[in-house]
Amino acid sequence: MLTNYLPVLIFILIGFFIGCAPLLATRFLIPKKPDAEKNAPYECGFDAFEDTRVPFDVRYYLVALLFIIFDLETAFLFPWAVVIRKIGWLGFFGMLVFLSILIIGFIYEWKKGALEWE
Amino acid sequence: MFDAIIALVWIVIKIVIILVPLLIAVAYLTYAERKVIGYMQCRVGPNRVGIFGLGQPIADAVKLFLKETIDPTAANKFLFMLAPVLSLMPALAAWAVIPFNNSWVLANVNAGVLYLLAMTSIGVYGILIAGWASNSKYAFLGALRSAAQVVSYEIAMGFALVGVLMAAGSANLQTIIHSQQGGIWHWFFIPLFPLFLVYWISGVAETNRLPFDMAEGESEIVAGFHVEYSGMGFAVFFLAEYANMILISALVSIFFLGGWLSPFDGIPYLSNLFAWVPGIIWFIAKTFIFLLLFLWLRATFPRYRYDQIMRLGWKVLIPVTIVWIFVVGFAIEFHLSPWFN
């Protein structure tokens, strides 16, 4: 059973290697001429005005929170979707109740304006 | 012990057989993109290196390889190096479970769809880490926008996949293809048509391609998350983007268009006429159609505004998928033929 997943693991390792190899090769093979101006963060040719670690819009954080709720929901739906033919009407209505709770939450956050970006 | 080594070598050989054509396809997709968009805009595209400019991708690769690696002083060195690898690795590793033919699949695992969902989700870490580690304002803004966008469309994508799983009754990719057998009218794009559209649109948004390329946004945040990358770092991000395009096209054709199944199955005269065509040819042809659609979208549409992107993701695609999950559920419970009997 688990031996099925061995090629997947090896594929991941090889994918990682294909990403690393050219990066490391150019880093050590190609000559470097560092320069204070060249290595400074890009800001349209000026010196950077302030630090990059500035406060950012809280809505990005909100999106992340909503994402967690909905992504968990998909994780719950996956096993249910695979066996829906076997569990019949009872299983179907069970998920219906579960999903309608999520939908009520979704309508609430919609009305509250959590999804607005103006 | 010896047997185990032989088995390992076999696996590595198979992986190389998958990866080499894939990487060549990635290189020539960049060429195809410039050529196709060139002709759409009444230009000829690259035509100087080799016949018809066919040497262009190789020349580009050599140029990028010879460029100096710049380490920005403000950057977090380790994460800065890790980010491009993290975005390329999942785009390649996802191919471990893709079936090319009736029997050609590297790992025929039961949780194939789950694995694909996990792998496509890892891609966003590369972008986010790149934006944070660069310690540059444009990179940071690009990464934030892109992370929020990718994450939003991933929900729609996940819900669309739930529809596919319900219709197929399995998370194994071969089983999903087998359950679409019996002719073009059995393919899932008919009973799951809204999910098919949602999955495709989310796929375009997920790969940060136009019209959803807020992550790069050349005209406002110069290049977004990879503004600080030079040479090979930039090239690896570029590879990852194009490998992801091929992956999404392949996935759409597997989930909704029957993967390697022939479109002429079940049609009296034509099915015999095309019986000799191997499955992988149909698979590549279907994938190719969606790749061309990617390029066409880029040539045709202007960039979305950010609030429009978020509105489309949250207020259109997610409600559509939830409603259609119910529709599919009822269709299954009532054994709607010919798809769910």
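In case you missed it, the structure is sitting above this.
Within every chain, residues take consecutive numbers counted from 1 along the sequence as written. Working convention: letters from A go to chains and numbers from 1 go to ligands, in the order in which they are written. Per-residue local features of the predicted model are confined to residues with pLDDT of at least 70, and side-chain atom pairs are confined, for both listing and counting, to 80 or more; whole-chain, interface and lining totals are unaffected and use all residues. Hydrogens and water molecules were not included; the side-chain quantities draw on all heavy atoms of the structure.

Draft legend 1. Examining the packing of helix α4 (residues 112-134) of chain B against helix α9 (residues 231-256) of chain B more closely. Residues and elements named next belong to chain B. Relative orientation of the contacting elements α4 and α9 amounts to 155°, with a least axis distance of 12 Å. Classified by the angle their axes make, α4 and α9 are roughly antiparallel. Where α4 crosses over α9, the handedness of that crossing is left-handed. The segment α4 lies against α9, with Val-113, Leu-116, Thr-120, Gly-126 and Ala-130 engaging Phe-237, Leu-247, Leu-251 and Phe-255. Gly is placed with the polar residues, together with every amino acid not listed as nonpolar (Ala, Val, Leu, Ile, Met, Phe, Trp, Tyr, Cys and Pro) or charged (Asp, Glu, Lys and Arg). Split by residue class, the contact of α4 with α9 holds seven nonpolar, two polar and no charged. To define axes, lines are fitted to C-alpha atoms, for helices over the stretch in contact only, and angles between the resulting N-to-C directions are given on a 0 to 180 degree scale. Segments assigned H or I by DSSP are reported as helices when at least four residues long, segments assigned E as strands when at least two residues long, and all are numbered from the N terminus. To sort the angles, those under 35 degrees are grouped as roughly parallel, those over 145 as roughly antiparallel, those from 65 to 115 as roughly perpendicular, and the leftovers as oblique. Two helices that cross are described as forming a left-handed crossing if the nearer one is turned anticlockwise from the farther one by less than a right angle, and a right-handed crossing if clockwise. Whether two residues are in contact is decided by their heavy atoms: any pair within 4.5 Å suffices.

Draft legend 2. Local environment of the interface of chain B and chain A. If you look at the interface, chain B gives 86 residues, while chain A gives 68 residues. In short, buried area is how much 1.4 Å probe accessible area vanishes from two parts on joining, totalled over both. Both sides together, the interface formed by chain B and chain A hides about 7,100 Å², and carbon and sulfur atoms give 76% of it. The salt bridge criterion pairs a side-chain nitrogen of Lys or Arg with a carboxyl oxygen of Asp or Glu, the two atoms within 4 Å. On inspection of chain B and its partner chain A, the count reaches three salt bridges. The shortest N-O distance in the salt bridge between Asp71(B) and Arg27(A) comes to 2.7 Å.

Draft legend 3. View of the packing of aromatic side chains. All names here are of chain B. Two aromatic rings, drawn from Phe, Tyr or Trp (for Trp, its six-membered ring), form a pair once their centres lie within 6.5 Å of each other, and the interplanar angle then sorts them: stacked below 30 degrees, edge-to-face above 60, tilted otherwise. Inspection of the entire model under this criterion finds 36 aromatic pairs over all chains. Here the aromatic rings of Phe-80 and Tyr-229 are separated by 4.2 Å at their centres, their planes lie at 10°, and the arrangement is stacked. Here Phe-80, found in helix α3 (residues 77-93), pairs with Tyr-229, found in the loop between α8 (218-221) and α9; they are 149 residues apart in sequence, far enough to count as distant. With respect to burial, Phe-80 and Tyr-229 carry one shared label: buried. Considering the side-chain rings of Phe-330 and Phe-334, the 6.4 Å spacing of their centres and the 15° angle between planes classify their relative orientation as stacked. A residue is classified by how much of its surface remains accessible, and Phe-334, at 59% relative accessible area, is exposed. One aromatic cluster in this structure is built from Trp-187, Phe-189, Phe-193, Phe-196, Tyr-199, Trp-200, Phe-255, Phe-256, Phe-290 and Phe-294. Three exposure classes are used, based on accessible area relative to the maximum for each residue type with a 1.4 Å probe and protein chains only: buried under 20%, partly exposed in between, and exposed over 50%.

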